[in-house]
Amino acid sequence: MAQPIALSKQVHQEAAIDQGLSGFSTKEMVHEILHRLGEDPDRAGLLATPARVEKSMAFLTKGYDENPTGILRGALFDEDYDEMVIVKDIEVFSLCEHHLLPFFGKVHVAYVPKGKVIGLSKIPRLVEVFSRRLQIQERLTRQIADAIQDAIAPQGVGVVIEARHLCMMMRGIEKQHSSTVTSAMLGCFRQKETRLEFLSLVRQQGAGGQ
Ligand SMILES: [Zn+2]
């Protein structure tokens, strides 16, 4: 059987595309990649690299094993509050699925409740679960919005992500200081007034600003 990149991932084990490689461990494959890059995988500095890569990739993709619904379930509260709730400047680190290189930045999440609110600490947790998977920024944005929509059916949800992509920066496609902005607006956030209120609160340098 294939050695999965994350030691605990049964599903991924079954999804091994090339059965010809299934007899090799992840460490052996990383060793081979180092060799193909023109390196000597057996020199002192690289000896432990395959094991480190396996471990770090398992960590960076651990979101596959976590259930966003389960995380929110224990932290939903009945509440009459019906003004906008905003959690802004949530740090995000993810891996682009096209190059397996990091993209990173800030996530801003807002919703207008309809009878239920989410424990505030759960929103950064939700961002983490989806970002510890291979992603594209657009899908990550949408998944966060959809998870909140599904959990509490609020009047609306808005999610904005501002991120910088190493796959673009390192290859010179993107200027060093430009960032990519994506947004997902559901329900009342599709109305101009609500959306503008959200975006202006995001831009404010408040207690949560940096
Ligand atoms: Zn990329």
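Residues numbered from 1 in each chain as written. Predicted model: local features only at pLDDT ≥ 70, side-chain atom pairs only at ≥ 80, totals over all residues.

Q: Would you take a moment to explain the environment of Val159 for this structure?
A: Within the secondary structure layout, Val159 lies in strand E6 (residues 156–165). Sequence-wise, Val159 and Ala110 are 49 residues apart; in three dimensions their C-alpha atoms are separated by 6.4 Å. Contacts of Val159, omitting those with residues within four sequence positions, involve Val107, Val109, Thr141, Ile144, Ala145, Ser183 and Ala184. (Helix = DSSP H or I, 4+ residues; strand = E, 2+ residues; numbered from the N terminus. Contact = placed C-beta atoms within 7 Å.)

Q: How do you make sense of the nonpolar core when you look at a structure like this?
A: Soluble globular proteins tend to pack their nonpolar side chains together in the buried interior. Formed by 31 residues in total, the largest nonpolar core has its most connected members in Val107, Leu126, Val127, Ile144, Ile148 and Val159. Those elements giving two or more residues to this core turn out to be strand E2 (85–96), strand E3 (102–112), helix H5 (122–131), helix H6 (137–152), E6, strand E7 (180–187) and helix H8 (192–203). Not counting residues within four places of it along the chain, the set of residues in contact with Ile144 comprises Val107, Val109, Leu126, Val127, Phe130 and Val159. (Core = buried A, V, L, I, M, F, W, Y, C linked by C-beta atoms within 7 Å. Buried ≥ 20, exposed ≤ 12 C-beta atoms within 10 Å, placed from the backbone.)

Q: Would you take a moment to explain the confidence of the model for the protein chain for this structure?
A: Detailed reading of the predicted coordinates is not advisable wherever pLDDT is low. For the protein chain, the mean per-residue pLDDT works out to 89, and 88% of the residues sit at or above 70. For the protein chain, helix H1 (residues 10–14) is the element with the lowest average pLDDT, namely 50, and strand E5 (residues 134–135) is the one with the highest, namely 98. Segment residues 7–11: pLDDT under 50, and five contacts once partners within four positions in sequence are set aside and those in other chains are kept. (pLDDT = per-residue confidence, 0-100.)

Q: Is there a simple way to explain the sheet that holds E5 in this structure?
A: By way of backbone hydrogen bonds, the strands of a sheet pair with one another, either parallel or antiparallel. Strand order in this open sheet of five strands is E5-E2-E3-E6-E7, and the pairing throughout is mixed. The open sheet terminates on both sides in strands that have one partner only, identified here as E5 and E7. Pairing between E3 and E6: ten bridges, direction antiparallel. What sits directly across from Ala110, in E6, is Gly158. Contacting E2, E3 and E5, H5 runs over the sheet at an angle of about 20 degrees to E2. Against the sheet, H8 engages E2, E3, E6 and E7, with an angle of about 45 degrees to E6. (Pairing = 2+ DSSP bridges. Axes fitted to C-alpha atoms, helices over the stretch in contact; angles between N-to-C directions.)

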